[in-house]
Amino acid sequence: MSTFEIIGGQPLKGELTPQGAKNEALQILCATLLTDEKVTIHNIPNILDVNKLIELLSDLGVQVSQESKNSYTFKAENVDLEYLNSPEFVKKGSSLRGSIMIIGPLLARFGKGYIPRPGGDKIGRRRLDTHFIGFQKLGAVFNFNQGENFYRVEAKKLKGTYMLLDEASVTGTANIIMAAVLAEGTTTIYNAACEPYIQQLCRMLISMGAKITGVGSNLLEIEGVQKLGGCEHKILPDMIEIGSFIGLAAMTKSEIIIKDVAYKELGMIPDAFKRLGIKMELRGDDIFIPKQENYEIDTFIDGSILTVADAPWPGLTPDLLSVFLVVATQAKGSVLIHQKMFESRLFFTDKLIDMGAQIILCDPHRATVIGLNQENQLRPTTMVSPDIRAGVALLIAALSAEGKSTIHNIDQIDRGYENIDLRLNAIGANIKRIVN
Ligand SMILES: CC(=O)N[C@H]1[C@@H](OP(=O)(O)OP(=O)(O)OC[C@H]2O[C@@H](n3ccc(=O)[nH]c3=O)[C@H](O)[C@@H]2O)O[C@H](CO)[C@@H](O)[C@@H]1O
Ligand SMILES: C=C(OP(=O)(O)O)C(=O)O
């Protein structure tokens with residue numbers, strides 16, 4: 001387990017360019033399994049989870065070639081389905097969440113898809129029912145071996161149908177879309193997730209020859225086709241990373257320009273930060289965050305305490321609530337952070353309390369933050385990164401705290417943030433990576 005040693009308390013200044021979006025990349029990479037033709041993907045982030053998935057595809061027989069730093073080609077001409085029965089697959093497949101999305105494409109193209117229980121953040125219950133109920137509705141037979149923790153779906157032929165998803169699951173929707181594009185007839189998915197990740201997946205599939213309407217809405221109609229062809233696709237900038245940088249700038253009183261953010265894909269993220277009092281300016285497609293000595297949390301119109309809560313897109317993404325929480329600790333005013341989707345994502349607040357933050361963890365889903373208005377800085381400390389977003393929130397806290405903090409288990413951060421130490425050091429941070 002590697003560690004970051006951070007000397008915090010200094011403002012940063014400069015430009016940051018967001019990496020390609022982790023959660024889009026995981027979907028797009030799985031979609032390369034849908035064709036035997038060449039697929040070129042640009043702006044792939046160089047992060048742990050994505051690299052693990054690329055390795056898994058390669059183990060499955062996909063020809064992978066890295067064309068430049070962030071561009072790869074994939075050709076799934078000779079997929080080795082036997083690999084799905086190997087112990088190596090069980091080990092690798094279970095090490096990340098995104099691997100679950102190989103099932104839809106494999107089922108659609110080869111009639112079977114297997115996966116061990118996937119990994120990802122331990123942030124509460126993370127059920128997969130939506131995925132498998134969807135496959136069953138398309139005609140697949142589902143089998144879950146509880147002892148082995150192994151999921152299997154098989155189908156001679158998938159048939160389009162109407163389905164109302166039991167929840168707007170992001171990876172579930174992606175998986176079902178990828179199965180339905182090669183099914184016979186029309187599939188209608190209602191209560192579909194519609195994050196930019198899903199929209200991008202649909203755009204990619206359409207460019208491969210799929211017939212999908214309703215992109216961007218929660219009602220998708222997919223007319224199955226016999227075969228998909230190759231394509232070229234560019235991954236959007238990572239909106240979670242952009243949000244993390246906005247929070248970092250405010251908390252550390254830094255002037256930061258975030259380059260090429262694809263602003264119109266950010267949904268309500270910028271406005272949610274503005275309600276915490278963070279000033280920003282859109283310059284072309286860059287976000288300029290000025291140095292701010294203080295920022296004041298808005299109230300609701302009737303004067304009651306603001307709530308920042310997650311919701312399925314176009315609501316606020318749950319992946320940024322940890323960052324909102326840490327940023328609120330130095331704001332003027334109070335806010336209720338309500339993490340509705342996951343029940344174990346707020347426990348890291350203990351560490352912030354140790355650092356001097358005023359937080360009441362009301363229950364596993366809700367934390368009230370009473371901002372310190374930059375009057376008392378957080379104290380440095382030693383901590384362990386519990387999950388990817390709490391990890392980055394703790395990194396932001398450490399960069400704001402004067403003195404030396406240590407964060408262990410930074411693999412959790414590396415899962416989703418490309419060379420975060422080097423990129424932040426380039427604009428004035430002091431982060432040392434200690435590889436154990
Ligand atoms: C690899 C990947 O893309 N991971 C993302 C994906 O995970 P993932 O696709 O696994 O998450 P899901 O969308 O399936 O669900 C996330 C959680 O929210 C709950 N839920 C979901 C929908 C809903 O309408 N109501 C509800 O309560 C689910 O029960 C679950 O506990 O989406 C999550 C929700 O945006 C993000 O946190 C993850 O970063
Ligand atoms: C929870 C996340 O990732 P994963 O779904 O891969 O665990 C995340 O990206 O915030």
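Residues numbered from 1 in each chain as written. Chains lettered and ligands numbered in written order. Predicted model: local features only at pLDDT ≥ 70, side-chain atom pairs only at ≥ 80, totals over all residues.

**So, the sheet that holds strand β22 (residues 403–408)**
(1) Moving on: Strand order in the open sheet made by the four strands is β21-β22-β1-β23, with mixed pairing throughout. Every interior strand has two partners, whereas the edge strands, β21 (382–384) and β23 (431–434), have only one. Going across the sheet, the axis of each strand differs from the next one's by a mean of 20°, ignoring polarity.
(2) Moving on: As judged from the three bridges shared by β21 and β22, these two strands associate in the parallel manner. Residue M383 lies in a different strand from β22, and its bridge partner there is I407.
(3) Moving on: Contacts between helix α12 (residues 388–400) and the sheet are confined to β1 (3–8), β21 and β22, with β1 contributing the most and set at about 35° to the helix. (Pairing = 2+ DSSP bridges. Helix = DSSP H or I, 4+ residues; strand = E, 2+ residues; numbered from the N terminus. Axes fitted to C-alpha atoms, helices over the stretch in contact; angles between N-to-C directions. Contact = placed C-beta atoms within 7 Å.)

**A short note on the site of ligand 2**
(1) Moving on: Around ligand 2, the surrounding shell consists of K22, N23, D49, R97, G98, G120, D121, D319, I388, R389 and G416.
(2) Moving on: Counting only elements with at least two residues in the shell around ligand 2, the list comes to α1 (22–31) and α12.
(3) Moving on: Looking at the shell around ligand 2 residue by residue, the class counts come to one nonpolar, four polar and six charged.
(4) Moving on: Looking at the shell around ligand 2, you find at least three residues from each of domain 1 (3–19 + 237–434) and domain 2 (22–234). (Near = placed C-beta within 6 Å. Nonpolar A, V, L, I, M, F, W, Y, C, P; charged D, E, K, R; others polar. Domains from an automatic or database assignment.)

**Thoughts on the site of ligand 1**
(1) Moving on: Taken together, 19 residues lie near ligand 1, and N23, S169, V170, T171 and M341 sit nearest.
(2) Moving on: Listing elements by their share of the shell around ligand 1, those giving two or more residues are α1 and α6 (170–180).
(3) Moving on: The biggest single contributor to the shell around ligand 1 is α6, with three residues.
(4) Moving on: Counted by class, the shell around ligand 1 contains seven nonpolar, six polar and six charged residues.
(5) Moving on: Among the domains, domain 1 (3–19 + 237–434) and domain 2 (22–234) are the pair contributing at least three residues each to the shell around ligand 1.

**Some points on the pairing of strand β12 (residues 219–223)**
(1) Moving on: Alternating positions in β12 separate cleanly, L220 and I222 being buried on one face and L219, E221 and E223 remaining unburied on the opposite face.
(2) Moving on: The pairing of strand β10 (residues 186–190) with β12 spans five bridges and is classified as antiparallel. Looking at the pairing, I189 lines up with L220 of β12.
(3) Moving on: Both strand β11 (residues 211–213) and β12 contribute to a ladder of three bridges, which runs antiparallel. Following the sheet pairing, K211 is matched in β12 by E223.
(4) Moving on: Between β11 and β12, which pair antiparallel in sequence order, lie five residues; one of them, G214, sits at a positive phi of approximately 90°. (Buried ≥ 20, exposed ≤ 12 C-beta atoms within 10 Å, placed from the backbone.)

**So, the domain arrangement of the protein chain**
(1) Moving on: Assigned domains of the protein chain: these are domain 1 (3–19 + 237–434) and domain 2 (22–234).
(2) Moving on: Spacing between the C-alpha centres of domain 1 and domain 2 amounts to 31 Å.
(3) Moving on: Taken residue by residue, the interface counts 18 residues in domain 1 and 16 residues in domain 2.
(4) Moving on: Per-class residue counts for the side of domain 1 that touches domain 2 are six nonpolar, three polar and nine charged.

**Focus: the sheet that holds β10**
(1) Moving on: In space, the four strands of this open sheet follow the order β9-β10-β12-β11, with mixed pairing throughout. Strands at the two margins of the open sheet, each flanked by one partner only, are β9 (162–164) and β11. Strand-to-strand twist in this sheet, taken as the mean axis angle between neighbours without regard to direction, amounts to 15°.

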